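Summary of the model geometry
Read off the chains here:
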Amino acid sequence: MTNEEHYLDWVKDAHAMEKQAESMLEKMAGRLEHYPDLKARIEQHIEETRQQQAMVQSVIDRYDTSSSTIKDAMGKLSAMGQAMGGMMADDEVVKGAMSGYVFENLEIASYTSLIAAAEVVGDQEGARIFAQIREQEVAMADWCLKHLPDVTEQFLVRSAAPGVEAKK
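Let me begin by describing the structure that accompanies this report. (Residues numbered from 1 in each chain as written. Predicted model: local features only at pLDDT ≥ 70, side-chain atom pairs only at ≥ 80, totals over all residues. Heavy atoms only, no water.)

Quick word on the nonpolar core
It is characteristic of soluble globular proteins that their nonpolar side chains tend to be buried jointly. Where we set the bar: Side-chain atoms within 4.5 Å are what join buried Ala, Val, Leu, Ile, Met, Phe, Trp, Tyr and Cys residues into a set we call a nonpolar core. Throughout this description, buried means an accessible area under 20% of the type-specific maximum (1.4 Å probe, protein chains only), exposed means over 50%, and partly exposed covers the range between. We count a stretch as a helix when DSSP gives it H or I for four or more residues in a row; a strand needs E for two or more, and each element gets its number in order from the N terminus.
Tyr 7, Val 11, Val 56, Tyr 111, Leu 114, Phe 130 and Ile 133 are the most contacted members of the largest nonpolar core, which totals 21 residues. The greatest single-element share of this core, amounting to seven residues, is contributed by helix α1 (residues 3-31). Formed by 17 residues, the second largest nonpolar core is a distinct cluster that contains Leu 32, Tyr 35, Ile 42 and Met 140.

Below, the structure written as structure tokens:
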């Protein structure tokens with residue numbers, strides 16, 4: 001494969017990753033009832049994620065290729081499996097917050113690699129787009145890490161209270 005073929009393959013992977021992120025975030029936000037700050041930030045990031053999908057698609061479109069429908073579908077199936085698994089956990093909100101932080105860091109790594117690949121193949125516009133997306137992912141990861149103790153403490157307080165649902 002050429003450098004450009006690898007690059008385009010990774011851009012398609014990023015598109016599938018953003019589709020997976022949207023599915024995971026929507027399912028999490030839809031289930032949160034007792035954590036309004038977390039729900040609001042997730043809903044904000046859903047909008048960012050949709051914009052990121054369009055930005056990644058614009059890179060794909062400039063190369064006159066299509067996003068990988070199979071990769072997008074597999075990403076959605078994976079997200080659904082993760083969401084279903086989380087629904088069974090008594091501590092769903094804490095595990096979801098931890099998973100969100102991990103996923104954001106996966107996205108940061110992906111966009112860091114894409115920036116380097118874009119520069120190698122001479123796609124300055126792609127490098128700019130991926131740097132902009134990475135900034136949003138860093139902001140979300142920072143938010144997740146900063147608020148993880150609060151979510152954990154809220155869960156523990158709710159869990160200890162008789163008759164109070166804590167998990168979501």
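A closer look at the pattern of salt bridges
The following threshold applies: One side-chain nitrogen of Lys or Arg within 4 Å of one carboxyl oxygen of Asp or Glu is enough to make a salt bridge.
Taken as a whole, this structure holds eight salt bridges when the rule is applied. Of the charged contacts, one joins Arg 41 and Glu 48 as a salt bridge, the two residues approaching to 3.8 Å between their closest N and O atoms. For the pair Arg 41 and Glu 48, one class covers both residues: buried. Between Asp 91 and Lys 95 there is a salt bridge, and its shortest N-O distance comes to 3.2 Å. Connected through shared salt-bridge partners, Glu 22, Glu 26, Glu 47 and Arg 50 make up one network.

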